[in-house]
Amino acid sequence: RGEFVRQLLPRVLVLLDGSFTSTDIANQLATQQQAAELFSIFTMPQQKELLEQLEPCPAALQHLPAAKRQALSRFFANQNQSAWQTLTQLQQSRVLLCGQPELLIPLALGLHSLMLGHIAVLASAVTETDLAHSRYLTEADVGSHPAVVIRRQLSPAHQTDILAIEQQPDSVLSWRQL
């Protein structure tokens, strides 16, 4: 019995990487030797509710890192929301951040980690005072716009659109064009 499990379990486990549906797995198991035993190994975790059923990821979110995508989808699903719909809405959202660089930079990095699509930053250049108050800044950042600093710190895997705004727009129309 132990030999049987050592030989068959690896064949089942490679199919449980999240890229196959239950039907795909059942079809692949049916073509192998000892199909009935393999299928019982596969169905046992489902019957005992050890496997988590996830909605397929929409094509619009496929370019995002898989681990981040799944972690956020689980978080939003636990909040009784449609996980993929929430992530899609975040990707399409636009946020305007206005304030001091030492506060804006960590806030923008946090919004980036939620996969927010567009961030506009209205702030003055980083100063020595900002450097003294923020662990996110280095001496090389002094004189740079916070949006430039944020872009440097973001992972290239997710392309958040970061817009630098140096002066406050003077009309509603100017704000809408951001």
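Relevant structure appears above.
Residues numbered from 1 in each chain as written. Predicted model: local features only at pLDDT ≥ 70, side-chain atom pairs only at ≥ 80, totals over all residues. Heavy atoms only, no water.

Student: I keep staring at the sheet that holds strand β3 (residues 161-165) and nothing clicks. Help me out?
Tutor: The strand order across the open sheet built from 3 strands is β1-β2-β3, with neighbouring strands paired in parallel fashion. Looking at strand neighbours, the two that pair on one side only are β1 (94-98) and β3, the edges of this open sheet. With direction set aside, neighbouring strand axes in the sheet form an average angle of 20 degrees. Both strand β2 (residues 118-122) and β3 contribute to a ladder of 5 bridges, which runs parallel. Opposite Ile 119, over in β3, you have Ile 162 as the bridge partner. Packing against the sheet, helix α6 (residues 101-113) makes contact with β1 and β2, and its axis sits at approximately 165 degrees to β1. Helix-sheet contacts for helix α8 (residues 146-153) involve β2 and β3, and the interaxial angle to β3 is about 160 degrees. (Pairing = 2+ DSSP bridges. Helix = DSSP H or I, 4+ residues; strand = E, 2+ residues; numbered from the N terminus. Axes fitted to C-alpha atoms, helices over the stretch in contact; angles between N-to-C directions. Contact = heavy atoms within 4.5 Å.)

Student: How should the environment of Gln 91 be read in this particular structure?
Tutor: Considering the arrangement of structural elements, one finds Gln 91 in helix α5 (residues 83-92). The spacing of Gln 91 and Ala 60 is 31 residues in sequence and 9.2 Å in space, taken between C-alpha atoms.

Student: What's the story with the nonpolar core in this structure? I'm lost.
Tutor: Taken as a class, soluble globular proteins show a tendency for nonpolar side chains to be buried jointly. Residues Leu 87, Ile 119, Val 121, Ile 150 and Ile 162 are the most contacted members of the largest nonpolar core, which totals 27 residues. Contributions of two or more residues to this core are made by α4 (66-78), α5, α6, β2 and α8. Per-element tally for this core: the top contributor is α6, with 5 residues. Ignoring any residue separated from it by four or fewer positions in sequence, one finds Ile 119 in contact with Val 95, Leu 97, Ala 108, Leu 111, His 112, Thr 160, Asp 161, Ile 162 and Leu 163. (Core = buried A, V, L, I, M, F, W, Y, C linked by side-chain atoms within 4.5 Å. Buried < 20%, exposed > 50% of the residue type's maximum accessible area, 1.4 Å probe, protein only.)

Student: Before we go on, may I ask you to explain the pattern of salt bridges in this structure?
Tutor: Pairing between side chains of opposite charge can happen when their charged atoms approach one another. Within the structure shown, the criterion is met by 1 salt bridge. We note a salt bridge from Arg 152 to Asp 141, for which the minimum N-O separation is 2.9 Å. Here Arg 152 is found in helix α8, whereas its partner Asp 141 is found in the loop between α7 (128-133) and α8, with 11 residues between them in sequence. (Salt bridge = Lys/Arg side-chain N within 4 Å of Asp/Glu carboxyl O.)

Geometric descriptors of this kind do not, in isolation, establish any biological role.
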